[in-house]
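Listed below, chain by chain, are the residues.
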Amino acid sequence: MGVLELGARVTEAVVQRLGSGRKASPFVSYQNMRDVFTVSNLGGIDYYVRTDYHPYILSGLRFRAVKPPNTFRVFCLGGSAALGWPHPPAQSYPAFLAKKLQLLYPDKEFEMINVAASTYASYRVKTIFDEIIHYQPDLILLYTGNNEFLERILYQPALEAPWNYSALARTVYQSYRHFSPNKQIIDVENYRPTFLIDVALGNTSALKVSEEQYQQVVDHYCYNLTEMISSAQHNSVPIMLLTIPVNVRDWSPHASVHRAELDSAGQQQWQRRFAQGFRAFSNQQYEEALPHFLSALEMDDTHAELQYLTGKSHEHLSKPALSRTHLLRSLEADAYPFRALPQFNRILHELSEESQVPLADIEQVLANEAAMGVIGEDLLVDHVHPTVASNQLIADEVLTTLWQEEVLPAKEGVDPSSVRLPVPSQVEATLPLMQHLFLIYWVLLQFDKMDDLYQRCTDLPDYDKNTSQYR
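The rules behind each value
Residues numbered from 1 in each chain as written. Predicted model: local features only at pLDDT ≥ 70, side-chain atom pairs only at ≥ 80, totals over all residues. Heavy atoms only, no water. Phe/Tyr/Trp six-rings, centres within 6.5 Å; stacked < 30°, edge-to-face > 60°. Helix = DSSP H or I, 4+ residues; strand = E, 2+ residues; numbered from the N terminus. Buried < 20%, exposed > 50% of the residue type's maximum accessible area, 1.4 Å probe, protein only. Lys NZ or Arg CZ within 6 Å of the ring centre and 35° of its normal. Pairing = 2+ DSSP bridges. Axes fitted to C-alpha atoms, helices over the stretch in contact; angles between N-to-C directions. Salt bridge = Lys/Arg side-chain N within 4 Å of Asp/Glu carboxyl O. Contact = heavy atoms within 4.5 Å. Patch = residues over 30% accessible without salt bridge, like charges linked within 9 Å, V, L, I, M, F, W, Y side chains within 5 Å. Areas by Shrake-Rupley, 256 points an atom, 1.4 Å probe, with all protein chains shown as cover. Core = buried A, V, L, I, M, F, W, Y, C linked by side-chain atoms within 4.5 Å.

Caption draft 1: Quick peek at the packing of aromatic side chains. Overall, the coordinates contain 25 aromatic pairs when judged by the stated rule. When the centroid spacing of 5.7 Å and the interplanar angle of 75° are considered together, the rings of Tyr120 and Tyr191 count as edge-to-face. In this pair, Tyr120 is assigned in the loop between β6 (109–114) and α4 (122–132) and Tyr191 in the loop between β8 (184–187) and α6 (195–200), connecting sequence segments 71 residues apart. Comparing Tyr120 with Tyr191 shows no difference in burial state: the two are buried. Ring pairing ties together the aromatic residues Trp270, Phe274, Phe278, Phe281, Tyr286 and Phe293, which thus form one cluster. Over the face of the ring belonging to Tyr214 we find Lys208, whose NZ or CZ atom lies 5.2 Å from the ring centre.

Structural data, given as structure tokens:
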């Protein structure tokens, strides 16, 4: 047994050091695998052209199958925030980055290929990564983590202590999980998001409310990023991680649950305290609301909405540190999170340090710009999607990190933020964006924002107040 244990440990170390490319995941199985690109001859030149199997990636993408000389090819991966949605592609962070790079290095050609996909979790992003790593990339940018709880999946139980300390037990159990008929299946070709029904009904996520399932989500996210980093390093391709900014200040949690130990009598008492606080909060009597909220927190501090209202009360009373603490706890307690959780950013920092890969801390960059240091709707148009101005800030931080990590030679005496591209003051004042916000507010139950949205619609530049029509 000692020899077998030693052999298993050596095998793990070798696989970790040398393993890369597409290999079976211990968390999920994939079926109907379909590539994003196919080779097509256009005008006598072979191009990689986007197929129809991934409709949540930008249509019309194409690039040369053989990379031209003096070309720096960048692939941008992630979810809709990386895609730039709900803005046009020209206002995404990759578009800003491409323009800045072309201005700074006029003697080079830059291909910025944005293969981010709306609603894709990291395990779907990885299927794209496993393909594009073979398309001669010079850099891969990875901005993912907002969609880990969206799909209706359930993980198999993890190996528990003390067995998880044995490499031999881990090998046997992972082999079982690899070939288990009960392993969750991820369909690539036939993917259509179905989670919106759950969300609109205010349901909770089985992945979040179960401690075991939540840990599996965290482990799976870490696994996906680790595999992509390992593969990039194995293929000598620079890869950069981007932290994930989310709206903490101005976005109430989607679903709240009580702690399991709170019985029905306790819930009734909690509800009375919460209701008293809520009435005072609704009347903007924040000093009066706060004691009731704090009293309810003593009974149950796992209720996301209570944490959020407590944080907002502190904000209105000009107590930024306390406000931030409770708002972050609200995010962590959300029972159906549609935003990356703080633990994901901690994982990104740890992986960057362990694997020695660059990290663009865009969460910190936006927090530095935010009121009270807490990111809200001044920097993100909704729960996770950056404003156009924020997309330019993200591009600046990525460029700064590229120079610091010497992925590209720095320009002497040039600050990335000094290369400003014009962003009109009313770039977000458009009817399509208002329509997007209406849908998001409706589906994610942010009904308290509807009155303000109506006012924003009537303040649009092309709205004629005399006829109540849009020109």
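Picking up where we left off.
Caption draft 2: Region of the structure containing the sheet that holds strand β4 (residues 62–64). Pairing is antiparallel across the open sheet formed by three strands, whose spatial order is β2-β3-β4. Of all strands in the sheet, those bounded by a partner on one side alone are β2 (37–42) and β4. Within the sheet, the average angular offset between the axes of one strand and its neighbour, ignoring direction, is 35°. Across three bridges, strand β3 (residues 45–50) lies against β4 in antiparallel orientation. Looking at the pairing, Tyr48 lines up with Phe63 of β4.

Caption draft 3: A look at the pattern of salt bridges. All chains considered together, the criterion is met by 15 salt bridges. Between Arg420 and Asp396 there is a salt bridge; the shortest N-O distance is 2.5 Å. Taken as a pair, Arg420 in the loop between α15 (388–404) and α16 (431–443) and Asp396 in helix α15 lie far apart in primary sequence, 24 residues in all. Judged by its relative accessible area of 43%, Arg420 falls in the partly exposed class. Take Asp396: its relative accessible area is 6%, and that puts it in the buried class. Each of the salt bridges in this network shares a partner with another, and the network as a whole consists of Arg249, Asp250, Lys312 and Glu315.

Caption draft 4: Seen up close, helix α14 (residues 362–369). Three or more residues of α14 are buried, namely Ile362, Val365, Leu366 and Ala367. Looking at the buried side of α14, the elements it contacts are β7 (139–143), β9 (239–242), β10 (359–360) and α15.

Caption draft 5: Expanded view of a nonpolar patch on the surface. Side chains of Phe438, Leu439, Trp442 and Phe447 sit close together on the surface and give an oily, nonpolar patch of about 460 Å² of accessible area. Assignment of secondary structure puts Leu439 in helix α16.

Caption draft 6: The arrangement of unusual backbone geometry in detail. Of the consecutive residues Trp85 and Pro86, the connecting peptide bond is found in the cis state with omega at 10°. By secondary structure assignment, the location of Pro86 is in the loop between α2 (80–83) and α3 (93–104). A positive phi angle, near 60°, is found at Gln284, a position not held by glycine. In this structure, Met372 is a non-glycine residue whose phi angle is positive, near 60°.

Caption draft 7: Broad picture of the nonpolar core. Of all hydrophobic cores here, the largest spans 106 residues; its most connected members are Phe37, Leu77, Leu141, Leu242 and Val398. When residues of this core are assigned to their parent elements, the largest contribution, nine residues, is made by helix α8 (residues 211–234). Excluding residues within four positions of it along the chain, Leu77 makes contact with Ala82, Val115, Ala116, Val125, Ile128, Phe129, Ile132, Ile140, Leu141, Leu142 and Tyr143. Counting 19 residues, the second largest nonpolar core, distinct from the first, contains Leu433, Leu437, Tyr441 and Tyr463.

Caption draft 8: How the structure looks around the pairing of strand β5 (residues 71–78). In terms of residue burial, β5 counts as a mostly covered element, since eight of its eight residues are buried. Burial along β5 is two-sided: Thr71, Arg73, Phe75 and Leu77 facing one way and Phe72, Val74, Cys76 and Gly78 facing the other are all buried. Here six bridges tie β5 to β6, and the two strands are oriented parallel to one another. Bridge assignment links Arg73 to a residue of β6, and that residue is Glu111. Where β5 meets β7, five bridges bridge the pair, whose relative direction is parallel. Bridge pairing links Phe75 to Ile140 in β7.

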